Amino acid sequence: MAAMPKPRLILRIAVPSPLYRSFDYLPPPDGDPTALAAGMRVRVPFGRTQTIGLLLDVDTDSRIEGERLKAALEVLDEQPVLPTDTLRLLHWASGYYHHPAGEVFSAALPVLLRQGRAARMGKRAKGQGNMESQGQSPDSRPLLNVSQHEAVTAVCGALGGFHAFLLDGVTGSGKTEVYLHIIERVLEQGLQALVLAPEIGLTPQLVARFQRRFGVPLAVLHSGLTDRERLDAWLMARDGQAPIVIGTRSAVFTPLKRPGVIIVDEEHDLSFKQQEGFRYSARDVAVMRAQQANLPVMLGSATPSLESLHNAEAGRYQRLHLPERAGSALHPLIEVLDVRGQPMQDSLSQPLLDLAGRHLADHNQVLLFLNRRGYAPTLLCHDCGWVAECRRCDAHLTLHQGSRLLVCHHCGTQRPIDRHCPKCNGADLRALGHGTERIEQALAQRFPGINMARIDRDTTRRKGALENLLEGIHAGEHQLLIGTQMLTKGHHFPDVTLVGILDADQGLFSADFRGAERMAQLITQVAGRAGRADKPGQVVIQTHHPDHPLLHLLVTQGYHRFAQAALEERREAGLPPYSALALLRAEATGRDLPQAFLTQASEAAEQLDCKGVDLLGPVPAPMEKRAGRYRAHLLLQASRRGDLHRLLDAWVPRLEKLPLARKVRWAVDVDPMEMF
Ligand code: ADP
Ligand code: ZN
Ligand code: ZN
């Protein structure tokens, strides 16, 4: 009896490339094809070189003619490096964000694994670096108040099934304490907890708090790790040796052996959205991951995003409310300071300066907030009107006095400060506007003898600098604090009794429809730094628009009434969360190319089923030129998410075949958070 011809095995492989498809290979000539499993890394020939891809599937048919298939070179793993639940999540993410699978899968792997290194712990790993399990005796835990207790009970009652919670708690209401209690229960059950924190929020203090409480190995994943440290922490998480995994955005894809709960702290924070390459929202991926894995997920914030509030209203998330500050701390009093017509000294009004003087005289700390670093945002020639601009961006250069440089905050270009106007050779060059550096200088003159701390990206660049400054503040060495939004996250300043917000007006008239939401979150978060413990806080907001309805609501009735009104505006305008958006972005060194490509893309869409989707544009991006490239976008808007994704599914694979697709850099941004 003649043997049936064996069906040929085909390896379907995600190869790190910007192409929207997987690639088929034959198994390597030597080796046992039956040992192959999805999630293993495979070295394959690709173009004229080799690369490492991830095996997605072993199949018996191929879209490519048998003869043309190449054989894979080598299978790198005996066991899959990624477990099936992670593969499933990545498949979903690649589909939902319409990003090429190869890049999505490769983004989920630590660099050393991408390079083909063994999925094994480093030699020095155990008990080192980011996996510290400290021998200290565990921290004592406070008794929860009633709302905290209700929140913990709700989440712990949901363990073992999918349920999304929004922990909506004012700053200092003890949200972190709620997380700690939930995690305690999760660990008791032998499960793991995944905690995501914003870039700036994942501080050594937060990690130390977790360590003190539990005294168990912690896998900490953030951008400051070496490749080796990252792989070790990742393996600890994947193999279940770290009961607690805490990390920034990309940690959402970390495999977990026994996942029990996912917590997203400061869920409104923009740093959860990746703004380039594979543009995903770690918060939204976290919710999908919890759903796929049947886990509870908790999103916590003092200023929940309008999206999450809307989801809570619609019943998709269960809202848990912590209305009071924990312990005895009081809510700060917020007031608007109308600076119209007031004499201003370097963005500081007389009433605010007087107030600061009184708080300082009482030996309290004062915090001033301005979300602009540097000395001044503009250098102007008083003789001819010339302004120092970035050659590579549509932006002014920011003057930095300390480093004596003009710096572009968009592309990083820097050059020495001009002494004479390059246009008219005049010598009367003036710094216009204010940044934190200039405010610091002005305050030093006004309050000689007062010790100041400035906290922004410039003063905290050195490793350990931020920690030093924060320690100095807590030790009472600095009385006057000036800073950008770095000051708004996660830090508690119990002795601060006055918070001054120097400029609330930027957010009110922003080109981005999320500008007001951002402003309200910033103000509320900064305000929440003050008046802890026994010292009540006072918050003063300088504005030229004291009657702006949203600002007025925020100040008189708080973030939630503001959010309701802002949501109502979004509903009337048909903006998210009442519609779904996607942006097709394009950029090129030639000015016309991006728009020409987008026009082709728009025409391609019109040949498809566009029902329920509006195509708006193409238009130049609000900042058209950035880092030497011209940018434009096409906006897709749909009142039903399903309509949008139906169109994207059919349309995106065609984009790479458009005549101009190779002449521009383009990217799809689903649920964009920034329009520029
Ligand atoms: P959040 O994360 O909401 O800003 P934290 O959990 O950091 O709040 O709590 C703020 C402060 O209140 C911390 O110093 C914390 O130790 C304390 N705290 C939290 N819950 C309680 C409680 N139930 N009783 C007493 N103090 C508490
Ligand atoms: Zn001039
Ligand atoms: Zn620039």
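Report on the accompanying structure. Throughout this description, residue numbers start from 1 for each chain and increase along the sequence as written. The naming scheme follows written order: chains are lettered A onward, ligands numbered 1 onward. Two thresholds apply to this predicted model, a pLDDT of at least 70 for residue-level local features and 80 or more for giving and counting side-chain atom pairs, whereas whole-chain, interface and lining totals are computed over all residues. With hydrogens and water excluded, all non-hydrogen atoms of the structure serve as input to the side-chain values.

**Considering the packing of helix H4 (residues 146–157) against helix H5 (residues 175–188)**
Then step 1. The axes used here are C-alpha line fits, helices contributing only the stretch in contact, and every angle between their N-to-C directions lies in the interval 0 to 180 degrees. Strands here are runs of E lasting at least two residues and helices are runs of H or I lasting at least four, both read from the DSSP assignment and numbered beginning at the N terminus. Here H4 crosses H5 at 35 degrees, and the two axes come no closer than 9 Å. Along this stretch, H4 crosses H5, giving a crossing that reads as right-handed. Residues Gln 148, Ala 151, Val 152, Val 155 and Cys 156 of H4 touch H5, and the partners they reach there are Glu 177, Val 178, His 181, Ile 182 and Arg 185.
Then step 2. Classes in brief: Ala, Val, Leu, Ile, Met, Phe, Trp, Tyr, Cys and Pro nonpolar; Asp, Glu, Lys and Arg charged; the others, Gly included, polar. Residue classes in the contact of H4 with H5 are distributed as six nonpolar, two polar and two charged. Helix crossings get a hand from a simple test, with the near helix turned counterclockwise from the far one by less than a right angle marking a left-handed crossing and a clockwise turn marking a right-handed one. The contact criterion used is simple: two residues touch if any of their non-hydrogen atoms lie within 4.5 Å.

**Observations regarding the coordination of the zinc ion (ligand 3)**
Then step 1. At the metal site, the zinc ion (ligand 3) is ligated by Cys 390 (SG), Cys 393 (SG), Cys 408 (SG) and Cys 411 (SG), and these contacts range over 2.2 to 2.4 Å.
Then step 2. In this listing, donors mean N, O and S atoms no farther than 2.8 Å from the metal, or 3.2 Å for Na, K and Ca; water is missing from the atoms, so a site can look incomplete. Each donor residue of the zinc ion (ligand 3) belongs to the same chain, and together they define the spacing C-x2-C-x14-C-x2-C. Residue Cys 393 is located in the loop between strand E17 (378–381) and strand E18 (398–400), and its partner Cys 411 is located in the loop between strand E19 (405–407) and strand E20 (414–416); the two are separated by 18 residues in the primary sequence.
Then step 3. Given a relative accessible area of 21%, Cys 411 falls into the partly exposed group. Under the scheme applied here, a residue whose accessible area is under 20% of the maximum for its type counts as buried, over 50% as exposed, and between as partly exposed, the area being computed with a 1.4 Å probe on protein chains only.

**Digging into the site of ligand 1**
Then step 1. It suffices for a single heavy atom of a residue to lie within 4 Å of a molecule or strand for the residue to be listed as near it. As a matter of local geometry, ligand 1 sits amid 15 residues, with Leu 143, Gln 148, Lys 175, Thr 176 and Arg 209 nearest to it.
Then step 2. Take Gln 148: an N or O atom from its side chain is 2.8 Å from a nitrogen atom of ligand 1.
Then step 3. Polar contact is defined as a pair of N or O atoms within 3.5 Å, subject to the rule that within protein one atom must be able to donate a hydrogen and the other to accept it, and that residues adjacent in sequence are counted only when both atoms are side-chain atoms. Residue His 492 places a side-chain N or O atom 3.4 Å away from an oxygen atom belonging to ligand 1.
Then step 4. We get accessible surface area from the Shrake-Rupley algorithm with a probe of 1.4 Å; when it comes to residues, only the shown protein chains can shield them. For ligand 1, the protein covers 73% of the area, taking 550 Å² as the surface of the free molecule.
Then step 5. For the shell around ligand 1, the leading source of residues is H5, giving three residues.
Then step 6. For the shell around ligand 1, the residue count by class is five nonpolar, seven polar and three charged.

**Considerations on empty space enclosed by the protein**
Once rolled over the atoms, a probe with the size of a water molecule shows which space is left empty.
Then step 1. Only protein atoms enter the 1 Å grid used here. Points where a 1.4 Å probe fits but cannot escape make up a cavity, open sets with protein on both sides within 12 Å along at least five of seven lines make up a pocket, and a residue lines them when an atom lies within 4 Å of a point. Grid points are joined across faces, edges and corners, and a volume is the space filled by probe spheres set on the points. Evaluation of the coordinates by the stated rule reveals one cavity of 30 Å³ or more.
Then step 2. If you add up the space inside the largest cavity, you get close to 70 Å³.
Then step 3. What lines the largest cavity is simply Asp 85, Thr 86, Arg 88, Leu 89, Val 252, Phe 253, Thr 254, Arg 289, Gln 292 and Ala 293.
Then step 4. Elements supplying a minimum of two residues to the lining of the largest cavity: helix H1 (84–96) and helix H8 (282–293).
Then step 5. Among the elements that line the lining of the largest cavity, the one with the most residues is H1, at four residues.
Then step 6. Its residues assigned to classes, the lining of the largest cavity comprises four nonpolar, three polar and three charged.

**Describing unusual backbone geometry**
Then step 1. Of note, the bond from Pro 576 into Pro 577 is cis; its omega dihedral lies within 30 degrees of zero at 5 degrees.
Then step 2. Inspection of the secondary structure puts Pro 577 in the loop between helix H16 (559–573) and strand E26 (580–588).
Then step 3. In this chain, Gly 617 is followed by Pro 618 through a cis amide linkage whose omega measures 10 degrees.
Then step 4. Checked against the element boundaries, Pro 618 lands in strand E27 (residues 613–626).

**A short note on the pairing of E27**
The two faces of the sheet receive side chains in turn, since in a regular strand these alternate between them.
Then step 1. Two strands pair under a simple rule: DSSP has to find at least two bridges between them. Taken together, the eight bridges between E27 and strand E28 (residues 629–638) define a ladder with antiparallel strand orientation. In the strand pairing of E28, Lys 625 is matched with Tyr 630.
Then step 2. The antiparallel hairpin formed by E27 and E28 contains two residues in its connecting segment, where Ala 627 sits at a positive phi of about 50 degrees.

**Some points on the pattern of salt bridges**
Then step 1. For this document, the term salt bridge refers to a Lys or Arg side-chain nitrogen within 4 Å of an Asp or Glu carboxyl oxygen. For the structure shown, the criterion picks out 35 salt bridges.
Then step 2. Arg 279 is the partner of Asp 669 in a salt bridge, and the nearest nitrogen-oxygen pair spans 3.7 Å. In this pair, Asp 669 is assigned in strand E29 (residues 665–670) and Arg 279 in the loop between strand E10 (259–265) and H8, connecting sequence segments 390 residues apart.
Then step 3. Residue Asp 669 is classed as buried on the basis of its relative accessible area, which comes to 0%.
Then step 4. Across the pair Arg 415 and Asp 418 runs a salt bridge, and its minimum N-O distance is 2.8 Å.
Then step 5. Where salt bridges share partners, they join Lys 273, Arg 279, Arg 585 and Asp 669 into one cluster.

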